[in-house]
Amino acid sequence: MQREIRIPRFNFQEKVEQYGLSFHTIDGKPYWNEAAAYVFDRKEIEAIESATNELHQMCLAAVEHVITTNTFHRFAIPASAHPVIRKAWETDPPSLYGRFDLCYNGSDPPKLLEYNADTHTSLLEAAVIQWHWLQDELPEADQFNSIWEGLTEKWVELKEENYFASGLIHFGCMDEVEDVMTTAGLMDTAKEAGFEVELLNMQDVGWDPIHRRFRDLYSREIETLFKLYPWECLLKDRFGEFIQDDENGLLWIEPIWKMILSNKAILAILWEMFPDHPNLLPAYLDGPRQLESYVKKPILGREGSNIEILTGQLHSEVPGPYGDQPRVWQDYAPLPVFDGNHAVIGAWVIDGVARGIGVRESDGPITEDRARFVPHYFLPDPLA
């Protein structure tokens, strides 16, 4: 695993905008950074892929454990959601994707930092933008990236199974450019599979109290809704109370049981269930215990906010709006540093299978919302 300095493509901003990445520059600084690339060998890619698949299976076992032992309180999940989570877990509605954030230096086993299982972004960058960069710059090379294909294949499978009541799928998000473009990318994968799609602002999801169903602005029943919107926020919203009263059973993607995996308390549960696993870091919900160096994280924090690192030499903290939340204490695994850049790997799971990675880098040890996305590649084996 190496960081390689590269010359950006001429007019690369226009090229990435062509595929939807309008936020390539934020406040005059690059978000999409193709002045560098991360280079892997095949064994390193295989190590990431294997760890991602194993972590996903362990996470599913952890969800089963939480539900069967009725330990939702450890996640601060409201009691009203418990029966809905159980029902969704038992009926097994579709779960499209998730992103593990991994610490990996190319030699030691990849370590799980957290699982973005509900409202994960950087999909467009990972699935589309870096792939087109590769075709332009290094067509002879390869990239661990079949994310788009995996999503399309899942939609095709659901269509062939006649899983949905109708061919219309609503896609909901808030009116923020990153959320809209991520959602638009997912809509394109569904359209490729032959579905009719409709973009919907989450604030425009309506409730029909007579027929006890959710409806859009055209009064059409919302039968299937992909929502790039956190479940914990959804339950607090005005219409969140109607989720249990939905007589027709709106199909939510991602399903509500993802509340367990998107909550950083899962890090402690995983360590309890699989102690000393090579892809896990010690993590606890009641304090740092014996940890000499640790990261203190709010269980529902996002984009690095309110994360605190404490070691003998380092004290780093990011302010944010999640200061009143319960915390998880996780052993500190320093990110590898290349040319002063701290690199974290986002490993994508599509329909339960590892399908690609994206690399983001930050100036400091905590990966925040403006961490730069850098493309990656690996060279094929000489004898392949």
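Throughout what follows, the structure given in this document is the object of discussion. (Residues numbered from 1 in each chain as written. Predicted model: local features only at pLDDT ≥ 70, side-chain atom pairs only at ≥ 80, totals over all residues. Heavy atoms only, no water.)

On a plain count of helices and strands, the chain comes out with nine helices and 22 strands. Its C-alpha atoms give the chain a radius of gyration of 21 Å, within 12% of the compact-globule value 21 Å for 384 residues. With the principal axes as the frame, the chain shows a C-alpha extent of 60 × 50 × 45 Å. In the chain, which comprises 384 residues, the share counted as buried stands at 56%. Look at the contacts in the chain between residues 6 or more apart in sequence, and 70% of them connect residues 24 or more apart. Here the chain displays about 16800 Å² of accessible surface, and carbon together with sulfur accounts for 49% of that area. Within the chain, one finds 33 positive and 63 negative side-chain charges whose respective centroids are separated by 3 Å. (Helix = DSSP H or I, 4+ residues; strand = E, 2+ residues; numbered from the N terminus. Rg over C-alpha atoms; globule rule 2.2 N^0.38 Å. Buried < 20%, exposed > 50% of the residue type's maximum accessible area, 1.4 Å probe, protein only. Contact = heavy atoms within 4.5 Å. Areas by Shrake-Rupley, 256 points an atom, 1.4 Å probe, with all protein chains shown as cover. Lys, Arg positive; Asp, Glu negative; His and termini not counted. Charge placed at Lys NZ, Arg CZ, Asp CG, Glu CD.)

Right, let's talk about unusual backbone geometry for a bit. A cis amide bond, omega 5 degrees, links Ile253 with the succeeding residue Glu254. Relative to the helices and strands, Glu254 is located in the loop between strand E12 (251–253) and helix H8 (258–261). One non-glycine residue, Asn11, lies in positive phi territory at about 55 degrees. Relative to the elements of secondary structure, Asn11 occurs in the loop between strand E1 (2–5) and helix H1 (12–18).

Relative to the helices and strands, Ser262 resides in the loop between H8 and helix H9 (266–273). Owing to a relative accessible area of 15%, Ser262 belongs among the buried residues under this scheme. Once you skip the residues sitting within four places of it in the chain, Ser262 turns out to touch Tyr115, Ala117, Asp118, Ile299 and Leu300.

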